[in-house]
Amino acid sequence: MSSPDGAKWLVAVVDEMFSDTTNESSVVRLNDPSTKELRQYLFVNEQNIVEIQSLSADFSSFIVGRHVVKDGNLYMLNKVDPLFWLLCIYSPTEQCKQWQPFDQIVESLAEEVRKSLVEKQISHLCQVMSADQTGDVPYYKFNADKALKWLQQKQERVFQCIVGQSLEKQRLSKETIQKSGSGGGAISATFNMPDDPMAAAPTDSDAIIVDSKKLKIESAQIVSSYISEEWSKKLVESLGIKEEAVMEITKTTKSRPNNKPNTVENAPSEKKEVKKVEGSRTVGNKRLAKISTKGMKSLGSFFGAPKKKSKTQ
């Protein structure tokens, strides 16, 4: 992705999410559905609202093809459900008694949000009186119970997604350990280890374990980042999660230094690095360390300055 002045950025995007769109997009400023603060979004193809997230790192750049991207930040594009903007209009305790057509329900929303909303979507948040009943157009009435059920479905989808990511991460980690061997030495990728007939059968300790409780809390926190505090409390309560646990994850995430790697100022000391190397010695190195070196010359003595010969008269 590049700008007219030649600046380039590296952007990560899921292909399936934008397969039906063109390259036409514009930057718009909308109120965040959670905080109500103005934020920049991309309005893609006049129908999708996309948030821009970034992962920053110091002293880094990217090589893409024949180009060098000097901006070391990785930008990610993520579609935002326009129903979050509609939900923020209402309170969890609000009881609507008035039926309204679609145009009146969305008239207070930003133009970009109205264009992104499809009329049938609001049935997730509202009761519907069909055109057959009204004789004209469908009418809708906000229902807090339906809205809460929709949020629970959102949380469940996020939960299943991060569970899959956790399982895949653990699987790849185990495969890496198995390929590296247990001897501490390097093994070629084309070298096949023979099967050990005496090897023990896999045990329960080899199984991949997922902390469902922790991931459930994380999924609730992700959904809560798109809704108001009132709705967040209502969602957390319905899931049987302590509100303090969700807030603790939020504070931990904010306290992270933008996932930046160690810089020169906070790099580990040389002494700690030496300890780390010693702890990862191979079996051969450990055996050599036990050999008595009494009476042996050090390797450095072979490279010392030669002794000067005395001049004979």
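Residues numbered from 1 in each chain as written. Predicted model: local features only at pLDDT ≥ 70, side-chain atom pairs only at ≥ 80, totals over all residues. Heavy atoms only, no water.

The secondary structure content of the chain amounts to 10 helices and nine strands. When burial is assessed residue by residue, the chain has 25% of its 313 residues classed as buried. Once local pairs closer than 6 in sequence are excluded, the contacts in the chain between residues at least 24 apart make up 61%. In the form shown here, the chain has an accessible surface area of approximately 23,400 Å², with 52% of it arising from carbon and sulfur atoms. (Helix = DSSP H or I, 4+ residues; strand = E, 2+ residues; numbered from the N terminus. Buried < 20%, exposed > 50% of the residue type's maximum accessible area, 1.4 Å probe, protein only. Contact = heavy atoms within 4.5 Å. Areas by Shrake-Rupley, 256 points an atom, 1.4 Å probe, with all protein chains shown as cover.)

Moving on, we get to the pattern of salt bridges. Within this structure, the stated rule accounts for eight salt bridges. For Lys-115, the salt bridge goes to Glu-111, with nearest N and O atoms at 3.3 Å. Pair noted here: Lys-115 and Glu-111 are both in helix H3 (residues 111-116), with a separation of four residues, about one helical turn. Judged by its relative accessible area of 41%, Lys-115 is partly exposed. Judged by its relative accessible area of 44%, Glu-111 is partly exposed. Among the salt bridges present, the one from Glu-229 reaches Lys-233, with a minimum N-O distance of 3.7 Å. Here Lys-233 and Glu-229 lie together in helix H7 (residues 229-239), a separation of four residues that amounts to about one turn. The class for Glu-229 is exposed, based on a relative accessible area of 57%. Among the ionic contacts, a cluster of salt bridges with common partners joins Asp-32, Arg-39 and Glu-51. (Salt bridge = Lys/Arg side-chain N within 4 Å of Asp/Glu carboxyl O.)

Time to look at the packing of helix H6 (residues 212-224) against H7. Here H6 crosses H7 at 160°, and the two axes come no closer than 10 Å. Accordingly, the angle class assigned to the pair H6 and H7 is roughly antiparallel. Here the hand of the crossing between H6 and H7 comes out right-handed. In this structure, H6 uses Lys-216, Ala-220, Val-223 and Ser-224 to contact H7, whose residues at the interface are Ser-232, Leu-235 and Leu-239. Class assignment for the residues of the contact of H6 with H7 results in four nonpolar, two polar and one charged. (Axes fitted to C-alpha atoms, helices over the stretch in contact; angles between N-to-C directions. Parallel < 35°, antiparallel > 145°, perpendicular 65-115°, else oblique. Left-handed = near helix turned anticlockwise from the far one by under 90°. Nonpolar A, V, L, I, M, F, W, Y, C, P; charged D, E, K, R; others polar.)

Attention now goes to the nonpolar core. By size, the foremost hydrophobic cluster in this structure holds 38 residues, and its most contacted members are Leu-87, Leu-125, Phe-142 and Leu-151. Residue assignment for this core shows that the elements contributing at least two residues are strand E2 (25-31), strand E3 (38-44), helix H1 (83-87), helix H2 (102-105), strand E9 (139-142), helix H5 (144-180), H6 and H7. Counting residues per element, this core draws most heavily on H1, which supplies five residues. For Leu-151, the residues in contact, after removing those within four places along its chain, are Phe-84, Leu-87, Val-223, Ile-227, Trp-231 and Leu-235. (Core = buried A, V, L, I, M, F, W, Y, C linked by side-chain atoms within 4.5 Å.)

With that settled, the discussion passes to the confidence of the model for the chain. On average, residues of the chain score 74 in pLDDT, and 61% of them reach the 70 mark or higher. Mean pLDDT values for the elements of the chain range from 40 in helix H9 (residues 270-278) up to 96 in H1. In the model, residues 250-280 has pLDDT below 50 throughout and makes 14 contacts with residues more than four positions away in sequence or in other chains. (pLDDT = per-residue confidence, 0-100.)

This next bit is on the side chain of Ser-224. Structurally, Ser-224 can be placed in helix H6. Given a relative accessible area of 10%, Ser-224 falls into the buried group.

Our focus in this paragraph is the packing of aromatic side chains. Throughout the structure, instances matching the rule amount to five aromatic pairs. For the ring pair Tyr-41 and Trp-85, a centre distance of 5.5 Å and an interplane angle of 75° mean the geometry is edge-to-face. In this pair, Tyr-41 sits in strand E3 while Trp-85 sits in helix H1, placing the two residues 44 residues apart along the sequence. Measuring from centroid to centroid gives 6.3 Å for Phe-142 and Trp-231, while their planes differ by 80°, and the two rings are edge-to-face. (Phe/Tyr/Trp six-rings, centres within 6.5 Å; stacked < 30°, edge-to-face > 60°.)

A few words on H7. When we look at burial in H7, the residues that qualify are Trp-231, Ser-232, Leu-235, Val-236 and Leu-239. Buried residues along H7 cover an arc of 135° about the axis, so they all sit on one side. One or two positions beyond H7, positive phi appears at Gly-240, with a value near 75°. (Arc of directions from axis to C-beta.)

This paragraph deals with the environment of Trp-85. For Trp-85, a relative accessible area of 6% corresponds to the buried category. Between the C-alpha atom of Trp-85 and that of Leu-109, which follows or precedes it by 24 residues, the distance is 7.4 Å.

The sheet contact formed by E2 and E3 spans seven bridges and is antiparallel. Considered in E3, the bridge of Arg-29 is made with Gln-40. Hairpin connection from E2 to E3: six residues lie between these consecutive antiparallel strands, with Lys-36 at a positive phi of about 70°. Examined bridge by bridge, E3 and strand E4 (residues 48-55) share four bridges and lie antiparallel to one another. Paired with Leu-42 across the bridge in E4 is Val-50. Hairpin connection, E3 to E4: the antiparallel pair is bridged by three residues, and Asn-45 has positive phi, about 55°. (Pairing = 2+ DSSP bridges.)

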